Amino acid sequence: MNHSPVEGFSKLSKQRKIDWLIKEYLSEDRSYEQVLQQYWNGDHTLQKLHEEFSENTISNFYMPYGIAPNFLIDGKLLALPMAVEESSVVAAASKAAKFWIDKGGFKTTIINTKKLGHTHFILNVEPHKLQHFFNFKLKKRLFEATEEITKNMRNRGGGILNIRLIDKTADLENYFQLKASFDTVDSMGANFINSCLEQFGKTLTEEVQKEESFTQEEKDSLQIVMNILSNFTPDCIVRAEVSCKIEDLKDDSGISNEEFATKFKRAVTIAEIEPFRATTHNKGIMNGVDAVVIATGNDFRATEACAHAYAAKDGKYSSLTHCTTDNGIFRFWIDLPISVGVVGGLTNLHPLVKFSLALLGKPSAQELMSILAVSGLAQNFGALRSLVTTGIQKGHMKMHLFNILNQLGATEEEKNHFVTYFKDKTVTHHEVITEFNKLRNR
Ligand code: MEV
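Counting of residues starts from 1 at the beginning of each chain's written sequence and follows it residue by residue. For this predicted model, a pLDDT threshold of at least 70 governs which residues receive local features, and a threshold of 80 or more governs which side-chain atom pairs are given and counted, while totals over whole chains, interfaces and linings are taken from all residues. Based on all heavy atoms of the structure, the side-chain values leave hydrogens and waters out of the count.

## Concerning the overall build of the protein
Part 1 of the argument: Tallying secondary structure elements over the protein gives 16 helices and 10 strands in all.
Part 2 of the argument: Remark: exposure states derive from per-residue accessible area (1.4 Å probe, protein chains only) relative to the maximum for the residue type, with buried under 20%, exposed over 50%, and partly exposed in between. Going through the 442 residues of the protein one by one, you find that 44% of them count as buried.
Part 3 of the argument: Contacts are assigned to residue pairs that have any heavy atoms within 4.5 Å of one another. A separation of at least 24 residues holds for 69% of the contacts in the protein among residues at least 6 apart in sequence.
Part 4 of the argument: Charge convention: Lys and Arg are scored as positive, Asp and Glu as negative, and His as well as the terminal groups of each chain are ignored. Note on charges: their place is set at NZ of Lys, CZ of Arg, CG of Asp or CD of Glu. Within the protein, the 54 negative side-chain charges are centred at a point lying 4 Å from the centre of the 51 positive side-chain charges. Segments assigned H or I by DSSP are reported as helices when at least four residues long, segments assigned E as strands when at least two residues long, and all are numbered from the N terminus.

## A closer look at the domain arrangement of the protein
Part 1 of the argument: Domain segmentation is taken from an automatic or database assignment of domains. Each domain of the protein was delimited in the assignment, giving domain 1 (14–51), domain 2 (66–112 + 234–390), domain 3 (115–229) and domain 4 (396–440).
Part 2 of the argument: The distance between the C-alpha centroids of domain 1 and domain 2 comes to 38 Å.

## Comments concerning the site of the ligand
Part 1 of the argument: Near the ligand the following residues occur: E86, R277, T280, H281, K283, G284, N287, A383, L387 and I392.
Part 2 of the argument: A distance of 2.5 Å separates an oxygen atom of the ligand from a polar side-chain atom of E86.
Part 3 of the argument: A 1.4 Å probe and the Shrake-Rupley method give the accessible areas. Residues count as covered only by the protein chains that appear here. Protein chains shield 86% of the accessible area of the ligand, which is 300 Å² for the free molecule.
Part 4 of the argument: The set of elements that each furnish at least two residues to the shell around the ligand consists of α10 (275–295) and α13 (365–388).
Part 5 of the argument: For the shell around the ligand, the element with the highest residue contribution is α10, accounting for six residues.
Part 6 of the argument: A per-class count over the shell around the ligand returns three nonpolar, four polar and three charged. Here a residue is near a molecule or strand as soon as one of its heavy atoms is found within 4 Å of it. Polar contacts, as counted here, are pairs of nitrogen or oxygen atoms within 3.5 Å of one another; within protein the pair requires one atom able to donate a hydrogen and one able to accept it, and residues that are adjacent in sequence qualify only if both atoms are side-chain atoms. Note on residue categories: nonpolar means Ala, Val, Leu, Ile, Met, Phe, Trp, Tyr, Cys or Pro, charged means Asp, Glu, Lys or Arg, and polar means any other residue, Gly included.

## Some words on the side chain of K219
Part 1 of the argument: Looking at where K219 falls in the secondary structure, it is placed in helix α8 (residues 216–220).
Part 2 of the argument: No salt bridge forms around the buried K219; measuring N to O, its nearest opposite-charge neighbour E211 is 7.8 Å away. Any carboxyl oxygen of Asp or Glu within 4 Å of a side-chain nitrogen of Lys or Arg constitutes a salt bridge here.

## Some remarks on helix α16 (residues 429–441)
Residues spaced three or four apart along an α-helix face the same direction, because each turn holds 3.6 residues.
Part 1 of the argument: Along its 13 residues, α16 runs 18 Å from first to last C-alpha, staying within 8% of the 18 Å computed at 1.5 Å per residue.
Part 2 of the argument: Within the span of α16, buried status applies to V432, E435, F436 and L439. Seen end-on, α16 carries its buried residues on one side only, within an arc spanning 105°. Set apart from the buried face of α16 by more than 90 degrees, the exposed residues are H430, K438 and N441. In a helix, the anticipated span is given by 1.5 Å times the number of residues less one. The directions considered for the arc run from the helix axis to the C-beta atoms.

## Observations concerning a positive patch on the surface
Part 1 of the argument: Among the surface-exposed residues, K95, K394, K398 and K423 lie close enough to one another that they form a single positively charged patch.
Part 2 of the argument: Mapped onto the fold, K423 is located in the loop between α15 (412–421) and α16. Note that patches include only residues with greater than 30% relative accessible area and no salt bridge, and the join distances are 9 Å for like charges and 5 Å for nonpolar side chains (Val, Leu, Ile, Met, Phe, Trp, Tyr).

## Side note on the sheet that holds strand β6 (residues 175–183)
Part 1 of the argument: Any two strands between which DSSP finds at least two bridges are classified as paired. Pairing within the open sheet is antiparallel, and its four strands lie in the order β5-β6-β4-β7. Only two strands of the sheet have a single partner each, and these edge strands are β5 (159–167) and β7 (223–230). Strand-to-strand twist of the sheet, defined as the mean angle between neighbouring strand axes without regard to direction, takes the value 15°.
Part 2 of the argument: Note that β5 and β6 share eight bridges and pair antiparallel. Considered in β6, the bridge of I160 is made with F182.
Part 3 of the argument: Structural elements are reduced to axes, namely lines fitted to C-alpha atoms, with helices fitted over the stretch in contact, and the angle between N-to-C directions of any two is expressed from 0 to 180 degrees. Here helix α5 (residues 127–145) sits on the sheet in contact with β4 (115–122), β5 and β6, set at roughly 165° to β5.

## Section: the sheet that holds strand β8 (residues 236–245)
Part 1 of the argument: Spatial ordering of the open sheet is given by β3-β8-β10-β9, a layout of four strands whose pairing is antiparallel. The two strands at the open ends of the sheet, each matched to only one other strand, are β3 (107–113) and β9 (321–324). Each neighbouring strand pair of the sheet contributes to a mean axis angle of 15°, computed without reference to strand direction.
Part 2 of the argument: Bridge analysis of β9 against strand β10 (residues 329–337) gives four bridges, and the strand direction is antiparallel. Bridge pairing links C323 to F332 in β10.
Part 3 of the argument: Of the strands in this sheet, β8 and β10 touch helix α11 (residues 300–311), which is tilted by about 120° from β10.

## What about the pairing of strand β2 (residues 76–83)?
Part 1 of the argument: Pairing geometry for strand β1 (residues 65–73) and β2, over seven bridges, is antiparallel. When the bridges of β2 are listed, F71 appears paired with L78.
Part 2 of the argument: Taking the residues that link successive antiparallel strands as the turn, the β1-β2 hairpin has two residues, and the phi of D74 there is positive, at about 50°.

## Thoughts on the packing of helix α6 (residues 147–155) against helix α7 (residues 190–210)
Helices that pack against each other are described as a pair by the angle of their axes relative to one another and the distance between those axes.
Part 1 of the argument: At a minimum axis separation of 10 Å, α6 and α7 run at an interaxial angle of 150°. Overall, the two elements α6 and α7 adopt an arrangement that is roughly antiparallel. Of the two possible hands of crossing, α6 and α7 adopt the one that is left-handed. Residue-level contacts link I149, T150 and M153 of α6 to F192, S195, C196 and Q199 of α7. With respect to orientation, any angle under 35 degrees is reported as roughly parallel, any angle over 145 as roughly antiparallel, any angle of 65 to 115 as roughly perpendicular, and every other angle as oblique. It is the rotation of the near helix from the far one that decides the hand of a crossing: anticlockwise by less than a right angle makes it left-handed, clockwise makes it right-handed.

## With respect to the pairing of β10
Part 1 of the argument: Counting buried positions along β10 yields seven of nine residues, so the element is predominantly enclosed.
Part 2 of the argument: Both β8 and β10 contribute to a ladder of nine bridges, which runs antiparallel. Across the sheet, E241 pairs through a bridge with W333, a residue of β10.
Part 3 of the argument: The turn linking β9 back onto β10 is made up of four residues, and N327 within it adopts a positive phi angle of 50°.

## Re a nonpolar patch on the surface
Part 1 of the argument: Side chains of I67, L352, F355 and L359 sit close together on the surface and give an oily, nonpolar patch of about 330 Å² of accessible area.
Part 2 of the argument: Of all the elements, helix α12 (residues 351–359) adds the most residues to the nonpolar patch, at three residues.

## Here we look at the nonpolar core
Soluble globular proteins: nonpolar side chains tend toward being buried together.
Part 1 of the argument: Residue types Ala, Val, Leu, Ile, Met, Phe, Trp, Tyr and Cys, when buried and joined through side-chain atoms within 4.5 Å, form a set referred to as a nonpolar core. Formed by 62 residues in total, the largest nonpolar core has its most connected members in F71, F330 and F332.
Part 2 of the argument: Element by element, the count of residues in this core is highest for α13, at 11 residues.
Part 3 of the argument: When near neighbours in sequence (up to four residues on either side) are disregarded, F71 contacts K76, L77, L78, L80, A93, A97, F106, V374 and A378.
Part 4 of the argument: Counting 26 residues, the second largest nonpolar core, distinct from the first, contains I163, L165, I193 and V208.

Below, the structure is given as structure tokens:
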């Protein structure tokens with residue numbers, strides 16, 4: 001079927017949007033309306049709040065919101081809120097938290113909190129001449145011109161930390177950057193950074209026009225390409241780690257402590273040297289990070305982009321976690337670059353985000369960075385622990401079994417029967433159906 005483009009879709013009411021979709025794409029089947037409506041919140045204020053987060057909203061897309069308790073982080077016992085649809089993630093986090101609770105828990109260190117942004121511009125001026133102009137005139141003017149924008153942030157202890165001129169002409173003809181670093185305290189700071197950068201673009205344009213040492217031709221060559229923060233924040237980084245004596249590293253799968261430590265470390269080494277494995281390894285880490293990022297109203301696309309860029313920072317994609325087993329000590333850690341906020345954005349608006357932050361004891365942005373790194377490390381510990389011992393299918397299969405049984409409308413009693421039945425068998429869809437039919441027809 002050919003569809004025709006729609007004009008002014010955003011201006012249609014929610015109902016008219018749905019009507020149009022059903023007519024245009026869903027063969028006039030009105031039952032789809034019910035699919036959307038069942039997720040509307042009965043509380044109209046809450047529904048309206050959600051609709052206003054984004055554009056053209058016609059329903060809400062629910063995600064399970066789970067809790068992973070028993071996280072001992074820097075001496076504080078926390079229950080982590082996790083918004084994630086993938087089965088086993090919350091269970092793996094909870095299991096890893098419990099494993100480390102009597103071994104001192106997780107320790108974290110904030111290594112730095114600098115965020116970055118750039119004004120990318122083209123200017124056909126000799127780099128030395130431009131550097132001189134930047135050092136003696138422009139830099140000061142950029143700080144002055146953004147004073148109004150940075151006032152509140154400075155009062156909170158943040159602001160623009162530094163501005164540098166970067167010569168990129170070796171990579172692209174006449175390409176330069178104003179590279180600025182920022183401290184955005186408890187906010188993620190995207191709006192603040194972008195506002196400062198847009199002002200840099202304006203000030204740069206004005207100052208270049210006024211500059212006497214530039215010829216008119218040089219002045220006319222200026223093009224501000226874009227002013228935008230970078231989601232790559234290698235200087236906004238937190239380390240989370242766990243360690244214990246290898247003799248205390250008791251795993252319940254039956255292998256010895258030494259063998260477990262050796263196998264575990266080797267799995268990390270493989271992720272460090274093999275990008276195919278590193279990608280899955282880091283995906284597992286991000287299962288833990290993103291679930292808490294989403295639950296706390298932060299931007300998981302930004303944290304994903306940053307983590308993967310950092311994983312490739314040495315020119316080859318590698319593991320975000322590392323492990324040593326020297327002198328009888330097992331040590332496992334992550335260096336996670338991550339930029340998040342606990343004020344601004346969704347944090348003051350979304351009731352569940354407010355709940356998450358309250359549950360975490362209203363953390364500062366730095367404390368949240370620590371919690372996120374721990375969540376990623378715990379998830380990776382859980383995944384590797386399973387992978388080098390029993391394999392991950394064991395845990396997944398139980399969820400798979402329950403999904404099939406739920407689809408079949410199995411009772412609790414029937415579910416218990418199946419857990420026992422599949423204890424020593426592989427769960428297959430066919431086997432579940434066959435046994436289910438047998439059970440019902442007995
Ligand atoms: C699945 O979402 C994540 C894992 O594949 C991670 C890993 O292999 O380390 C289990």
